[in-house]
Amino acid sequence: MMKDLASNIKCSLAEPPVAAQTDNTAIVSSILDTAGFGSAVFVGILGTNTDADVTFTVLVEDGDNSSLTDNAAVDDIHLVGVEAMGLDFADDNKVFKIGYIGPKRYVRVTVTPANNAAGNIFFAACWIQGHPRKAPQSTQVV
């Protein structure tokens, strides 16, 4: 018998679907407030990349204020997975994730393409938070 995961997670939009992007502009997620939860994962979704040599750099930052004006790159010890995951042109229609287990309240992720002069990037992302202090988490649409 399957267990109830839906009542024990919260999903929120990190980056709305981007129809196309034809340069090397960074994609910056929404800032996640981790209050009330014991775990957080950023889930990115890449569509078909039309540039034959595009690569992506992932950066996770955290801080203590809601605008992240005190942001700093997260130490690897506070990540589940690695930022240098090697995302590139060969990762069409792939999903990737990176978890945060750090001490700060606010977190964001930046995905920066390089060598994307000729192509489009199709991208969306969400935050998944788990281990809620209050359950069930009943909101289905956020």
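Structure shown above.
Residues numbered from 1 in each chain as written. Predicted model: local features only at pLDDT ≥ 70, side-chain atom pairs only at ≥ 80, totals over all residues. Heavy atoms only, no water.

Explain the pairing of strand S5 (residues 55–63) to me, please; I cannot follow it from the model alone.
For a regular strand, the rule is simple: side chains alternate between the two faces of the sheet. Where S5 meets strand S9 (residues 106–114), 9 bridges bridge the pair, whose relative direction is antiparallel. Looking at the pairing, Phe56 lines up with Pro113 of S9. Note that S5 and strand S6 (residues 72–73) share 2 bridges and pair antiparallel. If you follow Glu61 over to S6, its bridge partner there is Ala73. (Pairing = 2+ DSSP bridges. Helix = DSSP H or I, 4+ residues; strand = E, 2+ residues; numbered from the N terminus.)

Whenever I open this one, the sheet that holds strand S8 (residues 95–100) confuses me. Can you help?
Two strands in a sheet stick together by hydrogen bonds in their backbones, pointing the same way (parallel) or opposite ways (antiparallel). Strand order in this open sheet of 5 strands is S1-S10-S4-S8-S7, and the pairing throughout is antiparallel. Strands at the two margins of the open sheet, each flanked by one partner only, are strand S1 (9–18) and strand S7 (79–80).

Sorry, what's going on with the pattern of salt bridges here?
Working definition: two side chains of opposite charge can pair if their charged atoms are close together. Here the structure, examined in full by the defined rule, presents 4 salt bridges. Between Arg105 and Asp33 there is a salt bridge, and its shortest N-O distance comes to 2.7 Å. One end of the pair, Arg105, is in the loop between S8 and S9; the other, Asp33, is in strand S3 (residues 32–33), with 72 residues separating them in the sequence. Exposure remark for Arg105: the relative accessible area of 38% places this residue in the partly exposed category. What makes Asp33 partly exposed here is its relative accessible area of 30%. One salt bridge in this structure joins Asp91 and Lys94, with 3.8 Å as the shortest N-O distance. Looking at Lys94, the relative accessible area reads 40%, which means it is partly exposed. (Salt bridge = Lys/Arg side-chain N within 4 Å of Asp/Glu carboxyl O. Buried < 20%, exposed > 50% of the residue type's maximum accessible area, 1.4 Å probe, protein only.)

Hey, could you run me through the side chain of Asp51 in this one?
Structurally, Asp51 is set in the loop between strand S4 (37–46) and S5. Side-chain polar atoms of Asp51 contact the backbone nitrogen of Asp53, separated by 3.1 Å. With near-sequence residues (within four places) excluded, Asp51 lies in contact with Phe89, Asn115, Asn116, Ala117, Ala118 and Gly119. (Polar contact = N/O pair within 3.5 Å; in protein donor to acceptor, adjacent residues only side chain to side chain. Contact = heavy atoms within 4.5 Å.)

Sorry if this is basic, but what is going on with the side chain of Ser12 here?
Secondary-structure assignment places Ser12 in strand S1. What Ser12 contacts, discounting residues up to four positions off in sequence, is Leu32, Cys126 and Trp127.

Nothing here speaks to function; it is all geometry.
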